[in-house]
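Architecture and fold: a report
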Amino acid sequence: MPAFSPLNRKTIALIGLMGVGKSSIGRRLASALAMPFTDADAEIEAAAGRSITDIFEEFGEAAFRAGERRVIARLLEAPPHVLATGGGAFDDEETRRLIADKAISVWLKADLAVLAKRVGRRDTRPLLAGKDPLAVLEAQAQARYESFAGADIIIETGETAHSVAVDAIIKALAARAAAQA
Ligand code: S3P
């Protein structure tokens, strides 16, 4: 991808539930589009000097959400990059508005059973601690999918390789750029 292409002139914000691959697909997408990559969760951890689990434990979810809102607002001011957001970010009205204003949003969507299987393998997510992953994801889908449906681009992922999702995103970005040209 050339350094200047119609596809890499605006930040691309990846949204979607836990386990859908926002960070790993985001990294690959960034490299394919010759853009920097930023992970909002990692930036929140760096800003707080603590892991997400510790932020939830010490300060609670509301404080985490406030931090998430601030960090994403700051990242959206940076030059165009691929931004992987945390699963709840796009459910926040202010964040949604800022992303709509400054970025192209891409909802990575996958079957909840596939996500449950994936997130069950890791224990770094406080919202899953001691809970049935599928039940948590079903409740999140219920609460968040209406917001997620407002994304600029929706990509059905699944159990396919991340490169397939990256190709689908690039195709959708190209179609969008062509439609706007
Ligand atoms: C959350 C998802 C996590 C992280 C936090 C809360 C959520 O990010 O932001 O644990 O509310 O869905 P990932 O989607 O990257 O796991």
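Above this text is the structure in question.
Here is what the cut-offs are and how they apply
- Residues numbered from 1 in each chain as written.
- Predicted model: local features only at pLDDT ≥ 70, side-chain atom pairs only at ≥ 80, totals over all residues.
- Heavy atoms only, no water.
- Helix = DSSP H or I, 4+ residues; strand = E, 2+ residues; numbered from the N terminus.
- Rg over C-alpha atoms; globule rule 2.2 N^0.38 Å.
- Buried < 20%, exposed > 50% of the residue type's maximum accessible area, 1.4 Å probe, protein only.
- Contact = heavy atoms within 4.5 Å.
- Areas by Shrake-Rupley, 256 points an atom, 1.4 Å probe, with all protein chains shown as cover.
- 1 Å grid on protein atoms, 1.4 Å probe; cavity = no way out; pocket = protein on both sides within 12 Å on 5 of 7 lines; lining within 4 Å.
- Points joined across faces, edges and corners; volume = space filled by probe spheres on them.
- Axes fitted to C-alpha atoms, helices over the stretch in contact; angles between N-to-C directions.
- Parallel < 35°, antiparallel > 145°, perpendicular 65-115°, else oblique.
- Left-handed = near helix turned anticlockwise from the far one by under 90°.

Looking at the overall build of the protein
- Looking only at helices and strands, the protein has eight helices and five strands in total.
- Counting helices and strands in the order they occur from the N terminus, the protein gives β-α-β-α-α-α-β-α-β-α-α-β-α.
- At 16 Å, the protein has a C-alpha radius of gyration in line with the 16 Å of a compact globule built from 181 residues.
- C-alpha extents for the protein along the principal axes are approximately 50 × 30 × 25 Å.
- Counting only residues that meet the buried cut, the protein has 45% of its 181 residues in that class.
- Partitioning the contacts of the protein with sequence separation of at least 6, the portion at a separation of at least 24 is 74%.
- For the protein, the accessible surface area stands at approximately 9,100 Å², while carbon and sulfur atoms represent 51% of it.

Considering empty space enclosed by the protein
- According to the stated counting rule, one finds one cavity of 30 Å³ or more in the structure shown.
- Taken as a whole, the largest cavity holds about 40 Å³ of empty space.
- Taken together, V20, I25, R118, T157, G158, T160, A161, H162 and A165 make up the full set of residues lining the largest cavity.

Re the packing of helix 6 (residues 112-119) against helix 7 (residues 133-148)
- The interhelical angle for the contact between helix 6 and helix 7, taken along N-to-C directions, is 130°, at an axis separation of 9 Å. On the basis of their axis angle, the class for helix 6 and helix 7 is oblique. Crossing of helix 6 against helix 7: the hand is right-handed. In this structure, helix 6 contributes L112, A113, L115, A116 and V119 to the contact, and helix 7 contributes P133, L134, L137, E138, A141 and Y145.

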